[in-house]
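Analysis of the macromolecular model
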Amino acid sequence: MVALRKLSENFVATKVDDEILIVDLDGGELFSLKGTARSVWDAIDGKRSEAEIAAQMAEHHEGDKQAIARDVAELIGQLQAASLVAHSGQ
């Protein structure tokens, strides 16, 4: 299992009502995470793998488990591309 961790030195995040606003300090890009995307962000704790996060989302949200896993992978890919998260050891 390769856990995902947040690269906190690369961003500033703040909670506003039911969303999390994240500013990428290198690129200046703004991410607004609500609903399931916020749940995924909250689940990235340096202990869970992408598969474990997807399984957790499937337990708590209605929908096809494979579709949820694809959506989680897509979001994590976007966060990795922005250097906001990485696999442990990277």
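Residues numbered from 1 in each chain as written. Predicted model: local features only at pLDDT ≥ 70, side-chain atom pairs only at ≥ 80, totals over all residues. Heavy atoms only, no water.

**Some thoughts on the overall build of the protein chain**
Rule in force here: Only DSSP runs of H or I with at least four residues qualify as helices, and only runs of E with at least two residues qualify as strands; both kinds are numbered from the N terminus onward. Radius of gyration means the value over C-alpha atoms here, while the globule rule gives 2.2 Å times the residue count to the 0.38 power. Remark: exposure states derive from per-residue accessible area (1.4 Å probe, protein chains only) relative to the maximum for the residue type, with buried under 20%, exposed over 50%, and partly exposed in between. Between two residues, a contact is recorded if the distance between any of their heavy atoms is within 4.5 Å. The protein chains shown are the only cover counted for residues, whose accessible areas, like all others here, come from Shrake-Rupley with a 1.4 Å probe. Residues counted as positive are Lys and Arg, residues counted as negative are Asp and Glu, and His and the chain ends are not counted. Note on charges: their place is set at NZ of Lys, CZ of Arg, CG of Asp or CD of Glu.
The helix and strand inventory of the protein chain stands at three helices and five strands. Scanning the protein chain from its N terminus toward the C terminus, one meets helices and strands in the order β-β-β-β-α-α-α-β. Whereas a compact globule of 90 residues would reach a radius of gyration of roughly 12 Å, the protein chain reaches 13 Å, a difference of no more than 12%. The principal-axis extents of the C-alpha atoms in the protein chain amount to approximately 35 × 35 × 20 Å. Across the 90 residues that make up the protein chain, the buried fraction comes to 33%. Sequence separation of at least 24 residues holds for 49% of the intrachain contacts in the protein chain that already meet a minimum separation of 6. For the protein chain, the exposed surface amounts to about 5300 Å²; the carbon and sulfur share of it is 48%. Taken together, the 9 basic and 16 acidic charged side chains of the protein chain have centroids lying 5 Å from each other.

**A few points about the packing of helix H2 (residues 50-60) against helix H3 (residues 65-81)**
The line we're drawing: The axes used here are C-alpha line fits, helices contributing only the stretch in contact, and every angle between their N-to-C directions lies in the interval 0 to 180 degrees. When an angle is under 35 degrees it counts as roughly parallel; over 145 it counts as roughly antiparallel; between 65 and 115 it counts as roughly perpendicular; any other value is oblique. For any pair of crossing helices, the crossing counts as left-handed if the nearer helix is rotated counterclockwise from the farther one by less than a right angle, and right-handed if it is rotated clockwise. Gly is placed with the polar residues, together with every amino acid not listed as nonpolar (Ala, Val, Leu, Ile, Met, Phe, Trp, Tyr, Cys and Pro) or charged (Asp, Glu, Lys and Arg).
At their nearest, the axes of H2 and H3 sit 9 Å apart, and the two run at 130 degrees to each other. Overall, the two elements H2 and H3 adopt an arrangement that is oblique. You can see that H2 and H3 cross each other, and the crossing is right-handed. Residues Glu 50, Ile 53, Ala 54, Met 57 and Ala 58 of H2 form the contact with H3, whose own contacting residues are Lys 65, Ile 68, Ala 69, Val 72, Ala 73 and Ile 76. Classifying every residue of the contact of H2 with H3 by side-chain character gives nine nonpolar, no polar and two charged.

**Quick word on H2**
What counts is decided by this rule: Directions from the helix axis toward the C-beta atoms define the arc.
Among all positions in H2, only Ile 53, Ala 54, Met 57 and Ala 58 are buried. Down the axis of H2, the buried side of the element spans an arc of 140 degrees, and every buried residue falls inside it. Along H2, exposed side chains directed more than 90 degrees from the buried face belong to Ala 51, Glu 59 and His 60. On its buried face, H2 is in contact with strand E1 (4-6), helix H1 (35-43) and H3.

**Structural notes on the environment of Ala 13**
Among the secondary structure elements, Ala 13 is positioned in strand E2 (residues 11-16). Sequence spacing of Ala 13 and Ala 69 is 56 residues, and the spatial spacing of their C-alpha atoms is 24 Å. Aside from chain neighbours lying at most four places away, what touches Ala 13 is Ile 20, Leu 21 and Ile 22.

**Regarding a nonpolar patch on the surface**
Under the convention used in this document: Note on patches: the residues involved have over 30% relative accessible area and no salt bridge, like charges join within 9 Å, and the nonpolar side chains Val, Leu, Ile, Met, Phe, Trp and Tyr join within 5 Å. Every case where a carboxyl oxygen of Asp or Glu lies within 4 Å of a side-chain nitrogen of Lys or Arg is listed as a salt bridge.
On the surface, a nonpolar cluster with roughly 340 Å² of combined accessible area is contributed by Val 12, Val 23, Leu 25 and Leu 30. You can see Val 12 is positioned in strand E2. With relative accessibility at 47%, the residue Val 12 sits in the partly exposed group.

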